[in-house]
Structures are given as C-alpha cells and as structure tokens.
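Residue-level structural notes
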Amino acid sequence: MSDPWPVALRLAPDGGTLHVSFDSGETLALAAEYLRVESPSAEVKGHGPGQEQLVWGKRSVRILKLEPVGTYAVRIVFDDGHSTGLYTWPYLLKLGREQDAIWQSYLGKLEQAGLNRG
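Residues numbered from 1 in each chain as written. Predicted model: local features only at pLDDT ≥ 70, side-chain atom pairs only at ≥ 80, totals over all residues. Heavy atoms only, no water.

Remarks on the sheet that holds strand β6 (residues 86-88)
If you trace the three strands from one edge of the open sheet to the other, you get β4-β5-β6, paired in antiparallel fashion. Since the sheet does not close on itself, it has two edges, and those belong to β4 (63-69) and β6, each with one partner. The average angle at which neighbouring strand axes cross in this sheet is 30 degrees, direction not considered. Inspection of the sheet shows β4 paired to strand β5 (residues 73-78) by six bridges, in the antiparallel sense. Directly across from L66, in β5, lies its bridge partner I76. (Pairing = 2+ DSSP bridges. Helix = DSSP H or I, 4+ residues; strand = E, 2+ residues; numbered from the N terminus. Axes fitted to C-alpha atoms, helices over the stretch in contact; angles between N-to-C directions.)

As structure tokens, this is what we get:
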C-alpha cells in the first residue's frame, strides 16, 4: 500500500496555519510556529543525530508562501527569513499524526532550557 498523497495545501489568509488534505481522507492543520520550530532544515535538525538546534521565540511567525519542490515536497517561506526546509509529504503527515507528542516534547525542551515561545 502506498503512503497517503496530498491532494490540497491551503494557507490560511493570515499565514498562521497550513491546511493539508491527503487522499486518505486525513486533513491536518499545522500552525506556522509548529512548522518553523520543527523545520527539517539542517539549521534546525543539524546534519546528524545530536546536532539538533532548539528554536524559540517563534510564536508570531507567519508563512509568506509555499513553493513546490518537484512532486515530493514543499518549501515553506516564513516571515522571519527561514526558507531552507523541504517538507516532504511523509514528513508533513508525521508532523500532523504525531503533533501532540512532538509539540509537548518541544515545550518540555523549552522549559528545560529556560526559554519561551516569545
């Protein structure tokens, strides 16, 4: 069986949320802040295990535009200048399906580091 495939990407008018619909019937609402702090870019994820960088102060970040990358991903351009992450369809699906756990883990890391969402 193949992985779910996106059938629609819609950006909220204020750039605060990306809505993704898959052919499996799943519809995800992913906040710009969440997408920014979980960017798959080397700047955030590093080049290997243990190199991840904690991103904070992005509560008010917005998405300026979406740029298709072939048929496998989308580049998200944020209003803070970040645009190097390629969000593949499986990664977006993972972010949506595991959103609660990923977000709670992120908030825990912020608290542990004495940082805030800004």
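Don't stop here, the text continues.
Quick notes on the packing of aromatic side chains
Taken as a whole and judged by the stated rule, the model has four aromatic pairs. With a centroid separation of 6.3 Å and an interplanar angle of 75 degrees, the aromatic rings of W5 and W89 are classed as edge-to-face. Of this pair, W5 sits in the segment before β1 (6-11) while W89 sits in helix α3 (residues 89-97), and the two are 84 residues apart along the sequence. Look at W103 and Y106: their rings are 5.1 Å apart centre to centre, the planes differ by 35 degrees, and that puts the pair in the tilted class. Here W103 and its partner Y106 are both found in helix α4 (residues 99-113), three residues apart, which amounts to about one turn of the helix. Assessed through its relative accessible area of 3%, Y106 is described here as buried. One aromatic cluster is present, built from ring pairs that chain together Y34, W103 and Y106. (Phe/Tyr/Trp six-rings, centres within 6.5 Å; stacked < 30°, edge-to-face > 60°. Buried < 20%, exposed > 50% of the residue type's maximum accessible area, 1.4 Å probe, protein only.)

A word on the environment of V61
Within the fold, V61 resides in the loop between α2 (42-45) and β4. Spatially, the C-alpha atoms of V61 and E33 are 5.8 Å apart, while their sequence positions differ by 28 residues. With residues near it in sequence (within four places) discarded, V61 still touches A32, E33, R36, F78, D79 and D80. (Contact = heavy atoms within 4.5 Å.)

Let's talk about the nonpolar core
Side chains that are nonpolar tend, in soluble globular proteins, to be buried together. Membership of the largest hydrophobic core comes to 26 residues, with the highest contact counts inside it found for L35, I76, Y87 and L92. Put simply, the parts of the chain that give this core at least two residues each are β2 (17-22), β3 (27-31), α1 (32-37), β5, α3 and α4. Ranked by residues supplied to this core, first place goes to α3 with five residues. What L35 contacts, discounting residues up to four positions off in sequence, is L18, L30, I63, I76, F78, Y87, L92 and L95. (Core = buried A, V, L, I, M, F, W, Y, C linked by side-chain atoms within 4.5 Å.)

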